[in-house]
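Observations on the model geometry
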Amino acid sequence: MLAAQVRSILLDHWDPISIRNVPGARGKYDSYIGGLLRITIAGASAADIAARLFDIETGQMGLGGDRDRALYVAEKLIAANSDAFTGPED
């Protein structure tokens, strides 16, 4: 379930190549889910997760990158991980 949440977060909030509304491309970011899950579950800070997202954007995708968006998404990933183990706040 957490992997599905990460996939949704990447598509809905990160999406550096704007594929969110392209049905055939919904799995485009799936190769990043495992690594992001590992560091998030291991307790990486938002800054560390954001750095990983930024590295993906710039190093692997060859884009300019967006540090603010990466940090925002990192915070969402941490919240999703927290919710998975404690349940969402009421």
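This write-up is about the structure you can find in this document.

Conventions used here
- Residues numbered from 1 in each chain as written.
- Predicted model: local features only at pLDDT ≥ 70, side-chain atom pairs only at ≥ 80, totals over all residues.
- Heavy atoms only, no water.
- Phe/Tyr/Trp six-rings, centres within 6.5 Å; stacked < 30°, edge-to-face > 60°.
- Helix = DSSP H or I, 4+ residues; strand = E, 2+ residues; numbered from the N terminus.
- Buried < 20%, exposed > 50% of the residue type's maximum accessible area, 1.4 Å probe, protein only.
- Expected span 1.5 Å × (residues − 1).
- Arc of directions from axis to C-beta.
- Contact = heavy atoms within 4.5 Å.
- Axes fitted to C-alpha atoms, helices over the stretch in contact; angles between N-to-C directions.
- Parallel < 35°, antiparallel > 145°, perpendicular 65-115°, else oblique.
- Left-handed = near helix turned anticlockwise from the far one by under 90°.
- Salt bridge = Lys/Arg side-chain N within 4 Å of Asp/Glu carboxyl O.

**As for the packing of aromatic side chains**
Going through the model one piece at a time under the given rule, you end up with 2 aromatic pairs. Measuring from ring centre to ring centre gives 6.1 Å for W14 and Y32, while their planes differ by 90°; the resulting arrangement is edge-to-face. Residue W14 is located in helix α1 (residues 2-14), and its partner Y32 is located in helix α2 (residues 30-41); the two are separated by 18 residues in the primary sequence. For W14, a relative accessible area of 1% translates into the label buried. Its relative accessible area of 15% is what places Y32 among the buried residues. An aromatic cluster of at least three residues, connected via ring pairs, comprises W14, Y29 and Y32.

**Describing α2**
Turn by turn, an α-helix covers 3.6 residues, leaving residues three or four places apart pointing in a common direction. With 12 residues, α2 should cover 16 Å at 1.5 Å per step; its first-to-last C-alpha distance of 17 Å lies within 8% of that length. Listing the buried residues of α2 in full gives Y32, I33, L36, L37 and T40. With its buried residues spanning 135° around the axis, α2 presents them on a single face. Among the exposed residues of α2, those pointing more than 90 degrees away from its buried face are S31 and R38. In this fold, the buried residues of α2 make contact with α1, α3 (46-60) and α4 (67-86). The first or second residue beyond α2 is G43, which carries a positive phi of 95°.

**As for the packing of α3 against α4**
Contact geometry for α3 and α4: axes closest at 8 Å, N-to-C directions at 125°. Overall, the two elements α3 and α4 adopt an arrangement that is oblique. Between α3 and α4 the crossing geometry is right-handed. On the side of α3, the interface is formed by A46, A47, I49, A50, L53, F54 and E57, while α4 contributes R67, R69, A70, L71, V73, A74, E75, L77 and I78.

**Here's the deal with the pattern of salt bridges**
A full pass over the atoms with the stated rule returns 3 salt bridges. One salt bridge in this structure joins R20 and D15, with 3.8 Å as the shortest N-O distance. For R69, the salt bridge identified is with E57, shortest N-O distance 2.7 Å. Residue R69 is found in helix α4, and its partner E57 is found in helix α3; the two are separated by 12 residues along the sequence.

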